[in-house]
There are 4 protein chains.
Amino acid sequence: MIILIDTQDKEGLIHKVSSVLLDMNCNIQKNDEFVDKESNHFFMRTEITNVYQISKDKIYKSLKQILPNESNIKIYENNKKSIVILCSKEAHCLGDILIKYDTKEIDVEIKGIISNHRNLEYLAEKFNIPYFYIPHTEQNWAEKTLQKCKLLNPSFIILAKYMQILPPKFVKEFDNQIINIHHSFLPAFIGANPYKQAYDRGVKIIGATAHFINDELDCGPIICQDIMQVNHTYTWKDMQKAGKNIERIVLVKAIELAIENKIFIHRNKTIIF
Amino acid sequence: MIILIDTQDKEGLIHKVSSVLLDMNCNIQKNDEFVDKESNHFFMRTEITNVYQISKDKIYKSLKQILPNESNIKIYENNKKSIVILCSKEAHCLGDILIKYDTKEIDVEIKGIISNHRNLEYLAEKFNIPYFYIPHTEQNWAEKTLQKCKLLNPSFIILAKYMQILPPKFVKEFDNQIINIHHSFLPAFIGANPYKQAYDRGVKIIGATAHFINDELDCGPIICQDIMQVNHTYTWKDMQKAGKNIERIVLVKAIELAIENKIFIHRNKTIIF
Amino acid sequence: MIILIDTQDKEGLIHKVSSVLLDMNCNIQKNDEFVDKESNHFFMRTEITNVYQISKDKIYKSLKQILPNESNIKIYENNKKSIVILCSKEAHCLGDILIKYDTKEIDVEIKGIISNHRNLEYLAEKFNIPYFYIPHTEQNWAEKTLQKCKLLNPSFIILAKYMQILPPKFVKEFDNQIINIHHSFLPAFIGANPYKQAYDRGVKIIGATAHFINDELDCGPIICQDIMQVNHTYTWKDMQKAGKNIERIVLVKAIELAIENKIFIHRNKTIIF
Amino acid sequence: MIILIDTQDKEGLIHKVSSVLLDMNCNIQKNDEFVDKESNHFFMRTEITNVYQISKDKIYKSLKQILPNESNIKIYENNKKSIVILCSKEAHCLGDILIKYDTKEIDVEIKGIISNHRNLEYLAEKFNIPYFYIPHTEQNWAEKTLQKCKLLNPSFIILAKYMQILPPKFVKEFDNQIINIHHSFLPAFIGANPYKQAYDRGVKIIGATAHFINDELDCGPIICQDIMQVNHTYTWKDMQKAGKNIERIVLVKAIELAIENKIFIHRNKTIIF
């Protein structure tokens, strides 16, 4: 079991939590804490072995009793998380997720792939994943996509180079559950065609950023970023090609962190253990 | 000798240049070419051994004859370049240049250090470099600084964390000769306190950028950039401290490239061989 | 067309080659040279547009005439290269090649996959690649594998985590054509289970190395290497899992360099343009 | 105050330690734990504010009572650590430590510099550090160096490119206190001239390793490592020059970790919080 606690920092929090767990014979396997001094906020992630199989509910109540009222407590069983993937025409991020899923490198259930194009449907078929074609020419594509996602009910929605902006209603329904890959080192090059922007600026490094989606374009909490060196010989098409590796790796890294319950979101930032 | 040629791309340029050099018994030791397809512009950097010590002037004329009229031809003897360093209160970039200068790791003459503060004067003295104190409280600081630089007449002016904006007149006088270190991964976090900006945005990577100064703040041609990973445990002060290594390395790298005549500036970009 | 020349260094080589090409109206699109001072050996890679479609043979003869006798001259048309992949049980390198092949990210023909196990056969089928099962329990597996490779006649043989040592006869038949991925930062941790070795040594960085195979185990010319930081929390199984990304990327990078004719092999090293 | 505890792992250790600290009103500011599953060993590093200024001794005793007998407990006040630097002829690591010391970037006292050469004496003088010249031509150089170190009694001895092997007696006297920088990515290229070895092998990455000294050459517990990409254009002298930045950074990083009490040594590895 994995327990995530965040709350206003106070003396003795670790002691209190460890007391409760000890009383219930829940052995701590791994424990991480962090205090954000700026907001005086405490974060704790604990992996336990629950020897007597005490129910999630009972553990929750016991923790609730000893922690301040406004504390966030989340307890996760060790069961498999699920995702829905939204993509457009580019294959590299989707392909990487699919092959790593297929070879069990990412331990996740893929409940479906939704796209506004048909060209990646054959990939979905190859890996036996349901594929839903919702073109953006349809006026209500966002609503249809939202309804499909609600029906599939995944742990996370992954935007694997989905070239559409989700409306606020959608984002609100899946608050802190939508992960996007942006093909630049955010906050540089927000918006369309970041490689072209990077080329025009003459940068010597390009990057990619995985982040949660919120209502402001490319401004949600950053999960992870990576970069690579480029030089004057790179056209923007070369940057785009070279950047695919970074995008793939950063997005899959973010998915892994999310499904392993390693991410806290606090204000506009992530705390990652 | 080092020859830098850039010109509109045409067929046979390499052949023509190599003919001229062969005729004068200038053996090519190292040769780099690049064609920017977007602007159809040709760049060539050639290191030669000038067996018969033919004069720079004669080589220039011979190349001029066979190259298109509008070509830029620069010929550098293998003599030592010089710099003037402008700094404010932070010691790390200046200190790194000085110690590498002192131990002959950077092969450059330092003609002087100009600062708007007195606190680094002791460092200049340690390494026997003339130190000029020009406070920014004086109305004509920019003009005085410019006049001092003109008097010292360096190959390059290095802004080693100089926290003042040079006026257009200054920049124009030392066009393509002023190198700045900006403590962010440009174009992210232009302007003041980029580490604070980076912290507020919650980035997972911080960086530094060495670039030539032009009239737009932090927008000149980028020479080199580097980055490091950070995480949620970094306050912005931690980022600032950690970033010093990146700043130091990137600035010194840029100085080395400049004094070794390895940089072409083309429009708002650099070509670096 | 791509022309690779390597020969004892002499004055005027670039001039001579550029003369010949100019005479045949072959425009140089991209040109790289390097002189290895230690062995006084010259390397040149030239991409040309062959306006009048002059035959490969004619170009070869023209270059042969003006270059020293012992020169190596290779001319490649812009046609697609082919590979045969040898693998054992691990899916990640094979999977990455297949998905990048399928989505046209690597522009290569895969003539077949040979394995000593059956467990990856389903992957080959998914991507419609012929799969040949040659178990190592059979005494003549090496000979059978060699014969199959000769029949398939690929440009390169890719060992994508093939856990068998190829006999000298095999290596000789495909001299400088067999690329292996070794899951360590060579020359550290030669031989079996490098991640276990790395864990036992307590390293803080793990890596992977793509190299050509020669007769000495893990000692062939290195093509590319990459690394990642690890720390004390990594078991060797964690290193193995984390290292997969590095292995994948390094192997595919090496394949790309090989099929784009960017690699010279000189003694026990590679020159890569 | 900083408390380092390591002991055989048992249930309830965090709880017990946090109880003791809470009882003495020592607020936990930062806490890190790690359990090495292979050896079933527990590591804990805790930064506390000691509100009532309870003595180190009293805290030690209280912890001793509740922890298993064989536990290692170390308590450090927040006072400045000291180092003695041993160097030979190369200036870059020494210079970097001195300039960072001078500009307060490393918060350490340098008690002295010992060298078997005179050429860096001027640097010591520049920064007002006592310099002791003990040439290796003297038969008892090791004993003399040891006696000088014992007299100076530093927290750590830093081998900043000290090209001599310290005898076992020396190493034993300063067990786990001697930090060396080796100019390769250990365990590759143990022993003399690693850049030459790296060049001969044709590697595409070079590195540096900071490690504690033990009785086996270049085999002590690794503290940190870093690398940089090289290519065929690098001679081994170029690698040596380029590697200086990596050496400098890695050595200073190790010094910082050591003086901030962030390193546990366990068997032949380090646990670093």
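It should be emphasised that the depicted structure is a prediction, and the values quoted were computed from it without experimental measurement.

A.B. asks: I'm lost on the overall build of chain A in this one. Help?
C.D. replies: Secondary structure summary: chain A contains eight helices and 13 strands in total. Against the compact-globule benchmark of 19 Å for 273 residues, chain A has a radius of gyration of 21 Å, which places it among compact chains. Expressed along its principal axes, the backbone C-alpha trace of chain A runs to roughly 60 × 40 × 35 Å. Looking at chain A residue by residue over its 273 residues, the buried ones come to 60%. Restricting to contacts in chain A with at least 6 residues of sequence separation, those with at least 24 account for 65%. Carbon and sulfur atoms form 48% of the exposed surface of chain A, whose accessible area is close to 11300 Å².

A.B. asks: Can you help me understand the state of the cysteines in this one?
C.D. replies: As used in these notes, a disulfide is a covalent bond between sulfur atoms, one from each of two cysteines. One pass over the structure, following the stated rule, counts zero disulfides over all chains. Left without a disulfide partner, Cys93 of chain A is nearest to the cysteine sulfur of Cys87 of chain A, which lies 9.9 Å away.

A.B. asks: Is there a simple way to explain the nonpolar core in this structure?
C.D. replies: Among the nonpolar cores identified, the biggest contains 209 residues, and Ile97 of chain A, Ile97 of chain B, Ile97 of chain C together with Ile97 of chain D are the most heavily contacted of them. Once you skip the residues sitting within four places of it in the chain, Ile97 of chain B turns out to touch Ile83, Ile85, Ile106, Ile110, Ile158, Ala160, Leu251, Val252 and Ile255 of chain B.

A.B. asks: What exactly am I supposed to notice about the interface of chain C and chain B here?
C.D. replies: One widely used convention gives an interface's size as the accessible area the parts lose upon coming together. The interface of chain C with chain B comprises 12 residues on the first partner and 12 residues on the second. Between chain C and chain B, the buried area comes to about 1200 Å², and carbon and sulfur atoms account for 49% of it. Per-residue buried area on chain C facing chain B is highest for Glu11, His15 and Leu22 of chain C; these three make up 36% of the total on that side. Between chain C and chain B we count zero salt bridges in total. Here chain C and chain B share eight residue pairs in polar contact (both at pLDDT 80 or more) between them. Counting only elements with at least two residues in the side of chain C that touches chain B, the list comes to α1 (13-23) and β2 (26-36) of chain C.

A.B. asks: How should I be thinking about the relation of the copies chain C and chain B in this particular structure?
C.D. replies: What relates the pair of chain copies is a rotation about an axis plus a shift along that axis. Rotating chain C by 180° and translating it 0.0 Å along the rotation axis places it on chain B, where the RMSD comes to 0.0 Å. The superposition of one copy onto the other is thereby described by a two-fold rotation axis. Nearest to the rotation axis, the C-alpha of His15 of chain C is located 2.8 Å from it, this being the minimum over chain C. Same-surface contact between copies: 100% of interface residues of chain C are shared with the interface of chain B.

A.B. asks: Mind showing me how you'd approach the relation of the copies chain A and chain B here?
C.D. replies: The two copies are related by a screw motion: chain A maps onto chain B through a turn of 180° and a shift of 0.0 Å along the axis, at an RMSD of 0.0 Å. A shared interface surface links the copies, since 100% of the contact residues of chain A are contact residues in chain B too.

A.B. asks: Just checking my understanding: could you explain the domain arrangement of chain A for this structure?
C.D. replies: Residues and elements named next belong to chain A. In terms of domains, chain A is made up of domain 1 (2-76) and domain 2 (81-272). Of note, the centres of domain 1 and domain 2, computed from C-alpha atoms alone, are 32 Å apart. Every contact between the two is made by 12 residues of domain 1 and, on the other side, nine residues of domain 2. For the domain 1 face of the interface with domain 2, the top three residues by lost area are Leu4, Phe43 and Arg45, together amounting to 47%. For the pair domain 1 and domain 2, the number of links is three residue pairs in polar contact (both at pLDDT 80 or more). Mapped by element, the contributors of at least two residues to the side of domain 1 that touches domain 2 are β1 (2-8), β2 (26-36) and β3 (41-50).

A.B. asks: How do you make sense of the pairing of strand β4 (residues 72-76) of chain D when you look at a structure like this?
C.D. replies: For a regular strand, side-chain orientation follows a simple rule: the groups alternate between the two sheet faces. Residues and elements named next belong to chain D. By the alternation rule, side chains of β4 split into Ile73 and Ile75, which are all buried, and Asn72, Lys74 and Tyr76, of which none is buried. Of the strand pairs in this sheet, strand β1 (residues 2-8) and β4 are connected by five bridges, and their pairing is antiparallel. Looking at the pairing, Asp6 lines up with Asn72 of β4.

A.B. asks: Explain the sheet that holds strand β5 (residues 81-87) of chain C to me, please; I cannot follow it from the model alone.
C.D. replies: Within a sheet, neighbouring strands are paired by backbone hydrogen bonds and run either parallel or antiparallel to one another. All names here are of chain C. In spatial order, the strands read β7-β6-β5-β8-β9-β10-β11; together these seven strands make up an open sheet with mixed pairing. In the strand order of this sheet, the two ends are held by β7 (131-133) and β11 (222-229), each with one partner. Taking each pair of neighbouring strands and ignoring which way they run, the sheet shows an average axis angle of 20°. In this fold helix α3 (residues 92-102) packs onto β5, β6 (108-115), β8 (156-159) and β9 (178-182), with an angle of close to 155° to the strand it touches most, β6.

A.B. asks: When you look at the packing of aromatic side chains in this model, what are you seeing that I'm missing?
C.D. replies: The geometry of an aromatic ring pair is captured by the separation of the ring centres together with the interplanar angle, meaning the angle of the planes. In the structure shown here, the tally under the stated rule is 20 aromatic pairs over all chains. Ring centres of Phe127 of chain B and Phe127 of chain D lie 6.3 Å apart, and the angle between their planes is 65°; on these two criteria the pair is classed as edge-to-face. Pair noted here: Phe127 of chain B is in the loop between α4 (121-126) and β7 (131-133) and Phe127 of chain D is in the loop between α4 (121-126) and β7 (131-133), and the two residues belong to different chains. Note on accessibility: Phe127 of chain B and Phe127 of chain D belong to one class, buried. Here Phe43 of chain D and Phe264 of chain D contribute two aromatic rings whose centre-to-centre distance is 5.3 Å and whose plane-to-plane angle is 70°, an arrangement assigned as edge-to-face. With Phe43 of chain D in strand β3 (residues 41-50) and Phe264 of chain D in strand β12 (residues 263-266), the pair connects residues that are 221 residues apart, well separated along the chain. Note on accessibility: Phe43 of chain D and Phe264 of chain D belong to one class, buried.

A.B. asks: Would you explain unusual backbone geometry in this entry?
C.D. replies: Keep in mind that most residues, glycine aside, have a negative phi and that most peptide bonds are trans. In this model, Leu186 of chain A is joined to Pro187 of chain A through a cis peptide bond whose omega is 10°. Mapped onto the elements, Pro187 of chain A comes out in the loop between β9 (178-182) and α7 (194-201). Backbone geometry at Arg267 of chain B places phi at a positive 55°, although glycine is not the residue there. Inspection of the secondary structure assignment puts Arg267 of chain B in the loop between β12 (263-266) and β13 (269-272).

A.B. asks: Hey, could you run me through the packing of helix α3 (residues 92-102) of chain A against helix α8 (residues 236-259) of chain A in this one?
C.D. replies: When two helices pack together, their arrangement is given by the angle between their axes and by how far apart the axes lie. All names here are of chain A. At a minimum axis separation of 9 Å, α3 and α8 run at an interaxial angle of 50°. By the criterion of interaxial angle, the relationship of α3 to α8 is oblique. With respect to the hand of their crossing, α3 and α8 are arranged in right-handed fashion. Counted together, His92, Cys93, Asp96, Ile97 and Lys100 of α3 and Lys244, Glu247, Arg248, Leu251, Val252 and Ile255 of α8 form the full contact between these two elements.

A.B. asks: Teacher, can you tell me more about the pattern of salt bridges here?
C.D. replies: When charged atoms on two side chains of opposite charge get close, those side chains can pair. All names here are of chain A. Applying the stated rule across the entire model yields 64 salt bridges over all chains. With a closest N to O distance of 3.3 Å, Asp32 and Lys30 form a salt bridge. Relative accessible area serves as the criterion here: at 37%, Lys30 is assigned to the partly exposed category. Three or more residues are tied together by salt bridges with common partners; here these are Glu90, Lys161 and Glu247.

Cut-offs applied
Residues numbered from 1 in each chain as written. Chains lettered and ligands numbered in written order. Predicted model: local features only at pLDDT ≥ 70, side-chain atom pairs only at ≥ 80, totals over all residues. Heavy atoms only, no water. Helix = DSSP H or I, 4+ residues; strand = E, 2+ residues; numbered from the N terminus. Rg over C-alpha atoms; globule rule 2.2 N^0.38 Å. Buried < 20%, exposed > 50% of the residue type's maximum accessible area, 1.4 Å probe, protein only. Contact = heavy atoms within 4.5 Å. Areas by Shrake-Rupley, 256 points an atom, 1.4 Å probe, with all protein chains shown as cover. Disulfide = S-S within 2.5 Å. Core = buried A, V, L, I, M, F, W, Y, C linked by side-chain atoms within 4.5 Å. Buried area = accessible area lost by both parts, 1.4 Å probe. Salt bridge = Lys/Arg side-chain N within 4 Å of Asp/Glu carboxyl O. Polar contact = N/O pair within 3.5 Å; in protein donor to acceptor, adjacent residues only side chain to side chain. Least-squares fit on C-alpha atoms with pLDDT ≥ 70 in both. Domains from an automatic or database assignment. Pairing = 2+ DSSP bridges. Axes fitted to C-alpha atoms, helices over the stretch in contact; angles between N-to-C directions. Phe/Tyr/Trp six-rings, centres within 6.5 Å; stacked < 30°, edge-to-face > 60°. Parallel < 35°, antiparallel > 145°, perpendicular 65-115°, else oblique. Left-handed = near helix turned anticlockwise from the far one by under 90°.

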